[in-house]
Structure formats: C-alpha cells, structure tokens
Amino acid sequence: ICPFTQRSTTLLFPKICNIFWRFHHTSTSHLCSCSKTITDEKYQDPFQLGRKDLKNLYEDIKKELLVSAAELKEMCDYYFDGKGKAFRPMIVVLMARACNIHHNNSREVQASQRSVAIIAEMIHTASLVHDDVIDDANSRRGKMTVNQIWGERKAVLAGDFILSAASVALARIGNTTIISVLTQVIEDLVRGEFLQLGSKENENERFAHYLEKTFKKTASLIANSCKAVSILGCPDPKVHEIAYQYGKNVGIAFQLIDDVLDFTSCADRLGKPAAADLKLGLATGPVLFACRQFPEMNAMIMRRFSKPGDVERARKYVLQSDGVQQTTYLAQRYCHAATREISKLRPSPEREALIQLTEMVLTRDK
C-alpha cells in the first residue's frame, strides 16, 4: 500500500505539519512503516460488514424528505439515487457496532445510532449541493450538478431543505448532547467554506490554513458523527475521544488523497474534471508541497491561478515535484494515527473493518 516506502526516510516533513499535529494532539514521532495493519485471516471488508445496517438507507432518507412540491422532490432525489458508496454512513454504523461491543458486547445497532448515519449522509449531500453552487461546478459523481439543471437559486434552496430535514431528524433523536455534537458539523462546514475563500501569504500559515480548512470541510462530519454514535452506545468519555480522533484522522486523510487524485486520476474515474481545484484557484496539499521546490508558484497561489496559463503551469510543477508523494505520505501519517486510536477498543470484526478502511482510503483511485 505504500509506494514511497524506500524514500520515506528522505522525505522532508514540513515544520508546520508537526505544529498542526501537536495542535490536534495526535502527534507521532515515527515514520511510516507501511506494514500491513491486519492479517488476511482477520480481513474484514467494511462495505460487506456495514451493508446490513445500511439496507434501505436511501429509501429512509427519502422518507425524511417528504415534500409536496414535485420539483423540489426531484432535486432532492437526484443525489440520493443509491449509487454512492455511502462511505460516511458506513463508517458511522461500523463505529456504532465497535463501541457497542466494546462497552457491553452488544451486537445491535441502536435505532438512534442508525439515525446518525442517515443524518450524516444528508448533511454531506446538502454541503455538496451548496459547494457546487459556490464553485459553479457542472459535474458531480459523473453526472450534471443540480445547479446546472435547475439553476443556482433552486439548488441553494434544495440544499437548505435537505439540511432542515436533517435537523428535524436530529431533533427526533431527543438527545441534547447529540444535537450539540452534530450541529457543530454544520458550523464547521460554513467556517471551512470561508477559509477556502481566503488565502495566506506566509508559507507556514498557508499549510495550517489548508489543514484547518480540510478538517472543517471534510473531517468534522466524520469525527463528530463517530463521536455521536459512541455517546449513544457507551458512557465512557475515553471511548468518545477515540471515536472522534479516528473519524478526524480518517477524514483528513480522505481529503488529502482526494487532493492527490485531482492531479493523478483521469476525469472519467473522478466523476469531475481533472485539476478542478486549480481551476477554482485552490492551493491544496500537492501544490503547497510543490511550492517549496518551485518558489515561483507563490505568486500564482496568491492570485489564485487566475492568469492565462497558470493552471497548466502549476499542474506541471506539481507533477515534476514530490508534492503528490509528500501529500500521500501525510495521508499515511493520519491513517496510522486513526489506526492507533481505534486499536484501543476491544477487538471486534467492526474494529478490524475500521482499520481496514484506513488502508482503503490510501489506495482508492476515485
């Protein structure tokens, strides 16, 4: 799983990453060993294991979105077509089972825990609808975006409606702690979007800014959803922290690999145009690492790749640099931290599946 093992001792790890690492209290001192985390005998396919709890997931989401206006219903149903991998709900139900088994060997997922998985997918999808409007995106998951078909105004309203339905479902759980944990996600999504709209001149600040934006826009949803199901399944605050840290680290790694794929995967596999981030003026991990080898990229970053030829030049610099390898290596660090956290729980098939999931995050190609 680690194509860069031979080089791992020579890879330069920027000081700012270590600062951010300590800030998030998941610091590690060792380099990526890239050893197989679990044996083949213990291998658990997370998607197979999580499937039983996610049966009828999209039908249940559509029930939450009961609406009389035909056009609004059509818009909401458009992304909830059942063709997604349901990555976030799957992590949530696996975490629920792992925590329940850890606490009292319970093999059941509570109805409220499954509701959290549904709510997580609804919040995620609403954020995609809004993101596509902000980015003026024309494709998502290999098909046209809601804003391209129905227009920006209606797309914003559809995203708002999905969020409001998620809030109603959240209130129905009837637990104020869970409401507090999951509404934090919505706040983080907005703050993360604002962070993405800004940029930093100082190189060290820029990397911290990027990682904070990555946490708020992507990892907060996974971290807080995992924390929510752990609270519902186990009274131990240490377990809540394990669940949160696992979700946070996997979430950041997931986005780092996403940022790598923007440079290494073709548009057909990604389901969106290649180099999309550069076209949006975004300096992601591979760009920030490449910038240290090609300082002339600094000016391009500050003008958000707005001059003719900037996108093509920046892409060329990234692919000539070790930006992709460095970002992948950073994702490995986060995945190792996630594995360390979840390994503190009592052994279970679900715990092993969550460990396996960290490997799948690193090796995915779309």
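Residues numbered from 1 in each chain as written. Predicted model: local features only at pLDDT ≥ 70, side-chain atom pairs only at ≥ 80, totals over all residues. Heavy atoms only, no water.

Brief notes about the overall build of the protein chain
And step 1. Within the protein chain, the regular secondary structure consists of 18 helices and 2 strands.
And step 2. Long-range pairs, those at least 24 residues apart, make up 76% of the contacts in the protein chain between residues at least 6 apart in sequence.
And step 3. Just so you have it, the protein chain exposes about 16000 Å², and 53% of that area is on carbon and sulfur atoms. (Helix = DSSP H or I, 4+ residues; strand = E, 2+ residues; numbered from the N terminus. Contact = heavy atoms within 4.5 Å. Areas by Shrake-Rupley, 256 points an atom, 1.4 Å probe, with all protein chains shown as cover.)

Quick word on the packing of helix α11 (residues 237-264) against helix α18 (residues 349-363)
And step 1. Axis separation between α11 and α18 bottoms out at 9 Å; the angle between their running directions is 20°. As far as their axial angle goes, α18 and α11 are roughly parallel. Between α11 and α18 the crossing geometry is left-handed. On α18, the residues that touch Tyr246, Val250, Ala253, Phe254 and Ile257 of α11 are Leu354, Ile355, Leu357, Thr358, Val361 and Leu362.
And step 2. Residues belonging to the contact of α11 with α18 are distributed by class as follows: 10 nonpolar, 1 polar and no charged. (Axes fitted to C-alpha atoms, helices over the stretch in contact; angles between N-to-C directions. Parallel < 35°, antiparallel > 145°, perpendicular 65-115°, else oblique. Left-handed = near helix turned anticlockwise from the far one by under 90°. Nonpolar A, V, L, I, M, F, W, Y, C, P; charged D, E, K, R; others polar.)

A look at the packing of helix α6 (residues 111-135) against helix α9 (residues 176-197)
And step 1. α9 packs onto α6 with a crossing angle of 15° between their chain directions and a minimal axis gap of 12 Å. By the angle between their axes, α6 is roughly parallel relative to α9. α9 is crossed by α6, and the crossing has right-handed handedness. Residues Val116, Ile119, Ile123, Ser127, Asp131, Ile134 and Asp135 of α6 touch α9, and the partners they reach there are Ile178, Leu182, Val185, Ile186, Leu189, Glu193 and Gln196.
And step 2. Partitioning the contact of α6 with α9 into residue classes produces 9 nonpolar, 2 polar and 3 charged.

Digging into the packing of aromatic side chains
Geometrically, a pair of aromatic rings is defined through the distance of the ring centres and the angle of the planes.
And step 1. Tallied over the full model, the rule gives 7 aromatic pairs.
And step 2. Judged by centre distance (5.6 Å) and plane angle (80°), the ring pair of Tyr78 and Trp150 falls under edge-to-face. In this pair, Tyr78 sits in helix α4 (residues 70-79) while Trp150 sits in helix α7 (residues 146-150), placing the two residues 72 residues apart along the sequence. Neither Tyr78 nor Trp150 differs from the other in exposure class; each is buried.
And step 3. Between Phe87 and Phe254, the aromatic rings sit 4.6 Å apart at their centres with planes inclined by 25°, giving stacked as the arrangement. Separated by 167 residues along the polypeptide, Phe87 in helix α5 (residues 87-104) and Phe254 in helix α11 bring together distant segments of the chain.
And step 4. Judged by relative accessible area, Phe87 falls into the buried class, the value being 11%.
And step 5. Overall, the relative accessible area of 12% leaves Phe254 in the buried class.
And step 6. One aromatic cluster is present, formed by Tyr78, Tyr79 and Trp150 through successive ring pairs.
And step 7. Across from the ring centre of Phe254, 5.4 Å away, lies the NZ or CZ of Arg88, which sits over that ring. (Phe/Tyr/Trp six-rings, centres within 6.5 Å; stacked < 30°, edge-to-face > 60°. Buried < 20%, exposed > 50% of the residue type's maximum accessible area, 1.4 Å probe, protein only. Lys NZ or Arg CZ within 6 Å of the ring centre and 35° of its normal.)

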